[in-house]
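Residues per chain, in single letters:
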Amino acid sequence: MSLKKRNFELLVDIEDYFGLEAKDGSFVFRNDFVFPEVREGQLIAQTINEVPKQKTDKEIIAGKNVRLESHNDIYSYFAEKDGVVQLIENELSINKFFVFDDGFDPSFEKTEYFGNVFVKGDVQSGSVLNVHGNITVTGSVLDDSKLIADGFINVGKGINGGKTNIISQKTVKAQFVDGATINAGKNIVLGNYSSHAFLNSMGKIVVKKGSGLLEGYIFGGNSVSFKGIEAFVAGNVTASKTKLQAGINWAAVQKFDEIKDSIAQCNKLMTIILARINSAAEEQPNILDKTSPANLLISKEIENQIAQLGEATAKYKLLLKKRAPLKAEAECINRTATIDIKEIAFPDVTICIGSKELKLQEATPPACFKLINDQITIDLENTINVTN
């Protein structure tokens, strides 16, 4: 197979890591999971009469472990090390690749991988995968699993279970999510529905309309997105409490909350240490008398406590310095973020944009919720068409 993109020709076969979206919202992978390895120095692609430019989706850039050379208007891409060819968006790279033919389960002793991981089948309950690269799962992710990736995470079917935790620095895609928590540095894209999940995205949350009873639904749980939320249906007929939040930098809010907790713990520790010092001093009023063996022991204890107090105080001051910029970042609102519901929003759905909140008391027809003059307004005419 040759993949052509304008004058770009790929000279080796590759798998489509993102999968092809099926009608039911699942993702189907082509080429029978072909992952041909290339060797260092091998020519893997060419462009003719075209200079690759960065920041464009129409031309290819040389990414990790790929060298670009030009001669007579022919631009050639060479592998700089042995590995598997990967084309994501417009970047060509060579990476290590780990393939699990029969799924992934907790019996695997190794849980951390430097490269890309491809799981044929399911990630079984209780599994942990920490990947310095991308994760692709052709099946489902089952309850009580934890997936962490520096890159994207693609799941062909569903992400299941209230104890499942998915963390990606880029985009997460799946057919559906049921009860799980997903944190994404970019977008969260679901082919069919979200049920009672906790979704956090620094990009957009998009729920497409696959097939089945819950097609296009986002109901229950809490969904937070910095750039906006798009779905067909919000809430459901059983009035599941659903909260949709847009324009919020959830990552900064999370870090700020962690800092606040750490400051509170430091404060508590300093109070305990001071109480110990005062208690020791009260027990031995003549503590300055160094001739007393008992006083020497108590003095040593007080010195240790004072040293601990100094460490705690230094940490406390450092946390206070970090708190101010994080507070400003956490309070920064994306005022252009919208929540777009293409078909209907049921009662008991709470719409939030920034710090403003609107609880729906009755069913709302197709609407785009926006923040205008510090108030949430409902635009019934300009809803965004969520792509199927």
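Since the model is a prediction, treat every value here as computed from it, not as a measurement.

This model, assessed by the stated rule, comprises 9 salt bridges. When the shortest N-O distance is used, the salt bridge between E69 and R67 registers 2.8 Å. For E230, the salt bridge identified is with K204, shortest N-O distance 2.6 Å. You can see E230 sitting in strand β26 (residues 228-234) and its partner K204 sitting in strand β24 (residues 204-207), a full 26 residues away along the chain. Note on E230: relative accessible area 9%, which makes it buried. On the basis of relative accessible area, K204 is assigned to the partly exposed category, the value being 26%.

Glancing now at the pairing of strand β8 (residues 66-71). Looking at chain direction, β8 and strand β9 (residues 74-79) are connected through 6 bridges and run antiparallel. When the sheet's bridge partners are listed, S70 is paired in β9 with Y75. Between β8 and β9, which pair antiparallel in sequence order, lie 2 residues; one of them, N72, sits at a positive phi of approximately 55 degrees.

We now examine the environment of I61. By secondary structure assignment, the location of I61 is in strand β7 (residues 61-62). Residues I61 and Y77 lie 16 residues apart in sequence; the distance between their C-alpha atoms is 9.2 Å.

On to the nonpolar core. With 47 residues, the main nonpolar core has L129, L147, I159, L244, I339 and F369 as its most contacted residues. The contact partners of I159, leaving out residues within four places of it in the chain, are V141, T164, I166, V172, A174, F176, V177, D178, A180 and I182. Counting residues in each nonpolar core, the second largest holds 15 residues, with I14, A45, I60 and I94 among its members.

A separate point is the environment of I159. Among the structural elements, I159 can be located in strand β19 (residues 158-160). Take I159: its relative accessible area is 0%, and that puts it in the buried class. Here the alpha-carbon distance between I159 and S140, two residues 19 residues apart in the chain, equals 5.9 Å.

Turning our eyes to something else, we now look at the packing of aromatic side chains. Applying the stated rule across the entire model yields 8 aromatic pairs. With centroids separated by 5.6 Å and ring planes inclined at 80 degrees, the aromatic side chains of F100 and Y113 adopt a geometry described as edge-to-face. Of this pair, F100 sits in strand β12 (residues 97-100) while Y113 is found in strand β13 (residues 112-113), placing the two residues 13 residues apart along the sequence. The same class applies to F100 as to Y113, namely buried. Three or more aromatic residues joined by ring pairs form one cluster here, namely F98, F100, F104, F108 and Y113.

Right, let's get into the sheet that holds strand β11 (residues 91-95). The 4 strands are arranged β5-β10-β11-β7 in an open sheet whose pairing can be described as mixed. Taken across any chain shown, the strands that pair with only one partner, and hence form the sheet edges, are β5 (37-38) and β7. Here β5 runs beside strand β10 (residues 83-88); their pairing, made up of 2 bridges, is antiparallel. Across the sheet, V38 pairs through a bridge with G83, a residue of β10.

Before going further, it helps to examine the pairing of β26. Looking along a regular strand, one sees the side chains alternate between the two faces of the sheet. A large share of β26 lies buried, amounting to 7 of its 7 residues. Both β24 and β26 contribute to a ladder of 3 bridges, which runs parallel. Paired with V206 across the strands is E230, a residue of β26. Looking at chain direction, strand β25 (residues 217-225) and β26 are connected through 2 bridges and run parallel. Bridge pairing in β26 links I218 to A234.

Another point: the side chain of T350. By secondary structure assignment, the location of T350 is in strand β29 (residues 349-353). Look at T350 and you get buried, because its relative accessible area is 12%. Not counting the four nearest positions on each side in its chain, T350 is found in contact with T242, K243, L244, E357, L358 and K359.

Looking now at the confidence of the model for the chain. Per-chain confidence: the chain averages 84 in pLDDT, with 85% of residues scoring 70 or above. In this model, residues 1-6 is a region of pLDDT below 50 whose contacts with residues beyond four sequence positions or in other chains number 18 contacts. Overall, residues 52-57 carries pLDDT values under 50, and its contacts beyond four positions in sequence, including any with other chains, amount to 12 contacts.

Taken together, the side chains of K64, K81, K96 and K110 make up a positively charged region of the molecular surface. Turning to its location among the elements, K110 is positioned in the loop between β12 and β13. Of the residues examined, K110 reaches a relative accessible area of 47% and is grouped as partly exposed.

Calculation notes
Residues numbered from 1 in each chain as written. Predicted model: local features only at pLDDT ≥ 70, side-chain atom pairs only at ≥ 80, totals over all residues. Heavy atoms only, no water. Salt bridge = Lys/Arg side-chain N within 4 Å of Asp/Glu carboxyl O. Helix = DSSP H or I, 4+ residues; strand = E, 2+ residues; numbered from the N terminus. Buried < 20%, exposed > 50% of the residue type's maximum accessible area, 1.4 Å probe, protein only. Pairing = 2+ DSSP bridges. Core = buried A, V, L, I, M, F, W, Y, C linked by side-chain atoms within 4.5 Å. Contact = heavy atoms within 4.5 Å. Phe/Tyr/Trp six-rings, centres within 6.5 Å; stacked < 30°, edge-to-face > 60°. pLDDT = per-residue confidence, 0-100. Patch = residues over 30% accessible without salt bridge, like charges linked within 9 Å, V, L, I, M, F, W, Y side chains within 5 Å. Areas by Shrake-Rupley, 256 points an atom, 1.4 Å probe, with all protein chains shown as cover. Lys, Arg positive; Asp, Glu negative; His and termini not counted. Charge placed at Lys NZ, Arg CZ, Asp CG, Glu CD.

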